[in-house]
Amino acid sequence: MEKKWQEMSKEERLEARFEKWSAGPGLDFKNPESKAKYQKSIARLKDAVQLKKTPDRVPILPWATFMPPVLGGINPKEAMYDADKLNSAMMKYLTEYDPDYYGSAVIIAHGPALEVLDFKLYKWPGFNLPDQYVYQCMEDEYMTAADFQHFIDDPTDFFLRVYLSRIAGGLAPMKMIAPLYNTIELPPLALWLLTLGIPDVQEAMKKLLEAGRLSFEFAGKIGAFDKEAQEKGFVQFTGGFSKAPYDFLADTMRGTRPMMADLYRSPDLVLKAIERMTPIAIKTGLGGPEASGNPIVFIPLHKGADGWMSDEQFRKFYWPSLKELIMTLIDEGCVPFLFAEGGFNTRLEYLNELPKGHCIWLFDQTDMAKAKEVVGKTTCIAGNVPISKIMTGTPEDIREVCKRLIDTAGKGGGYIMSMGCAADEGKPDTVHAMIDFTKEYGVYKRG
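Predicted model, so just to flag it, every value in this text is computed and none were measured. (Residues numbered from 1 in each chain as written. Predicted model: local features only at pLDDT ≥ 70, side-chain atom pairs only at ≥ 80, totals over all residues. Heavy atoms only, no water.)

**Q** Is there a simple way to think about the overall build of the protein in this case?
**A** Looking only at helices and strands, the protein has 18 helices and 10 strands in total. For 447 residues, the compact-globule estimate of 2.2 N^0.38 gives 22 Å, and the protein sits close to it at 23 Å. Structurally, the protein occupies a C-alpha span of about 75 × 55 × 50 Å along its principal axes. Scored against the burial criterion, the 447 residues of the protein give a buried share of 53%. Residue pairs at least 24 apart in sequence account for 72% of intrachain contacts in the protein once pairs closer than 6 positions are excluded. The average position of the 54 basic charges and that of the 61 acidic charges among the side chains of the protein differ by 3 Å. (Helix = DSSP H or I, 4+ residues; strand = E, 2+ residues; numbered from the N terminus. Rg over C-alpha atoms; globule rule 2.2 N^0.38 Å. Buried < 20%, exposed > 50% of the residue type's maximum accessible area, 1.4 Å probe, protein only. Contact = heavy atoms within 4.5 Å. Lys, Arg positive; Asp, Glu negative; His and termini not counted. Charge placed at Lys NZ, Arg CZ, Asp CG, Glu CD.)

Quick look at the structure:
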């Protein structure tokens with residue numbers, strides 16, 4: 001008798017998710033070779049995650065944002081404004097470079113939708129940056145110190161009526177809407193509906209709906225491309241997204257410097273806000289795999305890297321909630337894919353608190369020989385090809401870097417070849433060198 005989900009162990013849930021993903025529900029593969037390629041790439045990844053030698057070689061993930069469409073012949077502005085050009089460039093990139101995995105272009109937001117909102121949180125090419133630039137986060141105190149208690153008491157109300165009004169000029173009137181809990185009874189409901197009738201609020205709602213329409217059309221075209229790419233045997237790497245609860249707050253709500261000061265001025269409020277954010281981070285992370293069927297949950301890590309806070313602060317403010325997020329995802333059969341930007345050399349020992357064979361940690365500037373030694377028996381590691389070498393080095397430079405990584409981080413399995421950061425650019429000869437050399441040299445010899 002088949003086990004129910006709630007009766008399964010985390011290992012059984014992981015197996016079930018991988019099995020479903022590999023089956024390719026909804027995909028009509030172009031030919032048997034495409035299906036075999038798709039399933040072999042997923043099997044290769046699963047073995048790497050579980051710290052086994054893969055059936056053939058080291059998996060290859062050129063982790064990137066704008067690099068694939070740029071290598072496919074368009075600039076970032078065209079990528080953000082023309083889905084047809086974006087899809088064409090992405091297919092050209094996949095066909096020419098033939099990586100094992102790619103990141104969906106859906107992460108490249110649609111410029112027209114952002115314009116409608118008068119979005120303040122980022123600048124982007126074709127609007128307030130030159131066409132060849134990539135988008136840039138404009139950090140600010142979108143959540144003030146005085147907002148801590150509001151967020152802790154009612155995060156939904158804070159996001160709806162305060163946060164949205166600050167990060168998008170077109171949604172500034174949202175702050176005039178009455179709290180959502182006024183819908184509980186008829187008299188307060190009348191007041192709530194009245195605020196929705198304010199002309200400026202109605203204009204804001206129209207802008208929100210228009211941005212939604214534009215984004216829906218853009219995502220629909222990208223989704224059709226992803227389906228076509230997967231039917232040709234290419235594997236879309238991630239199925240979900242979340243962040244460390246601390247980073248949710250420090251990145252685009254409080255901002256880096258204010259949050260650092262908060263650790264000293266109001267540590268209790270910070271901890272309460274992190275506690276409030278943790279279930280939100282968990283629900284965010286679980287939502288993607290449930291919708292996509294892909295168990296890989298991307299979690300970029302920012303403010304916990306070496307030098308951003310002391311080890312004492314890391315233990316108090318950063319790691320406990322991040323660990324809870326990771327453990328919950330693992331318990332549900334997902335694979336947390338943690339992008340450790342910067343260096344994590346002083347944080348490596350913490351990773352051994354996680355169960356063996358359930359995570360991927362992509363390292364940027366971390367010592368990979370040390371990472372392999374310290375956590376190589378616990379977690380799959382990835383990355384460390386410097387984007388600086390990709391942009392300024394020679395193919396021979398890249399081959400030397402990849403050889404060192406395969407010989408150290410890839411020894412015995414449990415390693416994925418990748419850049420150390422999400423690449424916005426790349427030189428054709430060095431990107432080819434990384435992919436082609438790994439296919440040739442990164443072969444596991446069976447004894």
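Let us keep going from here.
**Q** Just to check I follow, could you spell out the side chain of Glu231 for this structure?
**A** With respect to the element layout, Glu231 can be found in helix H10 (residues 199-231). With a relative accessible area of 6%, Glu231 lands in the buried category. In terms of polar contacts, Glu231 uses its side chain to reach the side chain of Lys227, at 2.5 Å. With residues up to four places along the chain from it excluded, the contact list for Glu231 reads Gly26, Leu27, Asp28, Phe29, Lys30 and Ser34. (Polar contact = N/O pair within 3.5 Å; in protein donor to acceptor, adjacent residues only side chain to side chain.)

**Q** Looking at this structure, how should I read the environment of Thr156?
**A** By secondary structure assignment, the location of Thr156 is in helix H8 (residues 155-167). As a C-alpha pair, Thr156 and Tyr181 span 25 residues in sequence and 10 Å in three-dimensional space.

**Q** Before we go on, may I ask you to explain the sheet that holds strand E5 (residues 240-241) in this structure?
**A** Pairing between the strands of a sheet is mediated by backbone hydrogen bonds and can be parallel or antiparallel. Taken together, six strands build an open sheet; the order of strands is E5-E6-E7-E8-E9-E10 and the sheet is parallel. Sheet topology places E5 and strand E10 (415-416) at the edges, where each strand pairs with a single neighbour. (Pairing = 2+ DSSP bridges.)

**Q** What should I look at first to understand the pattern of salt bridges in this one?
**A** Close approach of charged atoms lets side chains of opposite charge pair. Taken as a whole and assessed by the stated rule, the structure comprises 31 salt bridges. In this structure, Glu332 engages Arg13 in a salt bridge whose closest nitrogen and oxygen atoms are separated by 3.4 Å. Linking Glu332 in the loop between helix H14 (311-331) and strand E7 (335-340) with Arg13 in helix H1 (residues 10-23), this pair joins segments that are 319 residues apart in sequence. By relative accessible area, Arg13 is classed as buried at 10%. The closest approach of N and O atoms between Arg254 and Glu141, which form a salt bridge, is 2.8 Å. Remark: Glu141 occurs in the loop between strand E3 (136-137) and helix H7 (148-153) and Arg254 occurs in the loop between helix H11 (245-252) and helix H12 (256-265); sequence separation between them is 113 residues. Relative accessible area serves as the criterion here: at 3%, Arg254 is assigned to the buried category. (Salt bridge = Lys/Arg side-chain N within 4 Å of Asp/Glu carboxyl O.)

**Q** For this particular structure, what's the right way to read the pairing of strand E9 (residues 380-383)?
**A** Each regular strand shows side chains that alternate between the opposite faces of the sheet. Direction of pairing for strand E8 (residues 360-363) relative to E9: parallel, over a ladder of four bridges. Its bridge partner being in E9, Ile360 is matched across the sheet by Cys380. Once the chain exits E8 it traverses helix H15 (residues 368-375) before rejoining the sheet at E9, and the crossover so formed is right-handed. Relative to E10, E9 runs parallel, the two sharing two bridges. Counted as the bridge partner of Ala382 is Ile416 from E10. (Right-handed = clockwise from strand over helix to strand, strands pointing away.)

**Q** What am I meant to see in the packing of aromatic side chains here?
**A** Any pair of aromatic rings gets described here by the distance separating the centres and the angle formed by the planes. Counted according to the given criterion, the structure contains 29 aromatic pairs. Each ring, one from Phe66 and one from Tyr135, has its centre 5.2 Å from the other, and the planes form 70°; the classification is edge-to-face. Of the two residues, Phe66 sits in the loop between helix H2 (32-49) and helix H3 (67-71) while Tyr135 sits in the loop between strand E2 (122-123) and E3, which places them 69 residues apart along the sequence. Here Phe66 falls in the buried class, since its relative accessible area comes to 0%. Geometrically, the ring pair formed by Phe437 and Tyr441 is stacked, given 5.2 Å between the ring centres and 15° between the ring planes. (Phe/Tyr/Trp six-rings, centres within 6.5 Å; stacked < 30°, edge-to-face > 60°.)

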